[in-house]
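# Report on the structure
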Amino acid sequence: MTTATISPVPTGYFRWEPEEDEFLICRAVRDETHDVKTFVMAPRHARQFEFVSGQFMTFEFEIDGETIQRCYTISSPPSRRDTVSITVKRVPGGPVSNWLHDEFKPGMMLKATVPMGEFTWSGMQDTKYLFLSGGSGITPMMAMTRAAYDLALISDIEFVHCARSPDDIIFRDELNFMGRRNHWIKPTFICEKDSPFERWSGIRGRLDRAKLEVICPDYLERLVFVCGPAPFMKAAKDLFRDAGYDMSRYHQESFNFDSFTEEAQEQIAEATEAITTDVKVFQLEFTKTGRTVECPEGITVMEAARRAGIRVPSSCSKGLCGTCKSKVTSGKVDMKHGGGIRQREVDNGMALLCCSKPLTDLVIDR
């Protein structure tokens, strides 16, 4: 009897030129939970998408006369060529999530950039995976799992999702269905409490090492992907580090408007300590807010703005998504981006504030 060999995860098939923006037409809106919806979209023109499972897209919204950009992970797999889906949780007071839930209907259009991001299993040779997600952080792992199901990949996937209650489990029915139909896919749900009309009979509480050892005894042998709220990801990272896991095999993703990345926090701390030395301090003038702030040499414009209480939209903090793209009308920056800005925009004075460090005093149109 021959034994099946494990193939690398496919790297995507579809074509969308990287220099293009595209208006996408909403095809369908689907309720996932009481406060989560999926929006299925297709290009206006006859073309198909090029992306890999786990990537995100940056969307542009016109809400109450203001242009707002937000990143959303693609929840659909690249094996479904003609549409792309995002799954969005309603956030109290969130202008974009509430607009999507209340106003965005089939037939309406949104402007979007090409898919981006490096949080993906594309091309990996591993045979065993552990997906850990909390809340709406389930979306990139769902895209990977859907691809595995669609393509009948021989990939051993332990999928552990944490939610507040049974009512809050996103994609619950679909994950259970895939698990019944494909024994390589093994979903497990952990809930903190019961729902009003359902007493939770599964694993209860929050993810910890004891629960993980019961659910997935060989977790130290698996390639790990984690996505969820910042406290969830910190707890997961601490769990694996304390267990002696090879952290080079640990992958995590997060889009959090209000929090800094660990790297940004370190940069701020280092720069703050350096202020007492001979480090240069640049003046950053934000024309729309009328504020001028100081930015020590070596930290980004984004961190300096936030330290001063200026709210600058951002999502990835890695120079990938383009959400913080702004016009620098005077001065020079050192920008090391990850693909979230085009050369023609750079030539026109645009910069990504999350990955731009001032070389001179700056005037910024924001």
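Conventions adopted
Residues numbered from 1 in each chain as written. Predicted model: local features only at pLDDT ≥ 70, side-chain atom pairs only at ≥ 80, totals over all residues. Heavy atoms only, no water. Pairing = 2+ DSSP bridges. Helix = DSSP H or I, 4+ residues; strand = E, 2+ residues; numbered from the N terminus. Contact = heavy atoms within 4.5 Å. Axes fitted to C-alpha atoms, helices over the stretch in contact; angles between N-to-C directions. Buried < 20%, exposed > 50% of the residue type's maximum accessible area, 1.4 Å probe, protein only. Right-handed = clockwise from strand over helix to strand, strands pointing away.

Strand pairing in a sheet relies on backbone hydrogen bonds, with the paired strands running either antiparallel or parallel. On the basis of which strands lie adjacent, the open sheet formed by 6 strands has the order β10-β9-β8-β7-β11-β12 and parallel pairing. Both outer strands of the open sheet, β10 (203–204) and β12 (250–253), are each paired with one neighbouring strand and no more. Direction of pairing for strand β8 (residues 156–163) relative to strand β9 (residues 185–191): parallel, over a ladder of 7 bridges. Bridge pairing links A163 to C191 in β9. Packing of helix α3 (residues 172–181) onto the sheet brings it into contact with β8 and β9, and relative to β9 it is tilted by some 145°. Sitting on the sheet, helix α5 (residues 230–242) touches β7 (128–134), β8, β11 (223–227) and β12, and the angle it makes with β12 is about 175°.

A separate point is helix α1 (residues 95–103). When we look at burial in α1, the residues that qualify are V96, S97, N98, W99, L100 and H101. Taken together, the buried residues of α1 touch β2 (36–43), β3 (56–63), β4 (66–73), β5 (84–89) and β6 (109–113).

For the rest of this paragraph, the subject is the pairing of β11. β11 sits mainly inside the fold: 5 of its 5 residues count as buried. Pairing geometry for β7 and β11, over 5 bridges, is parallel. Residue F131 lies in a different strand from β11, and its bridge partner there is F225. Bridge analysis of β11 against β12 gives 4 bridges, and the strand direction is parallel. Along β12, the bridge assignment pairs V224 with Y250. Handedness of the crossover is the feature at issue here: the chain leaves β11, passes through α5, returns alongside β12, and the resulting connection is right-handed.

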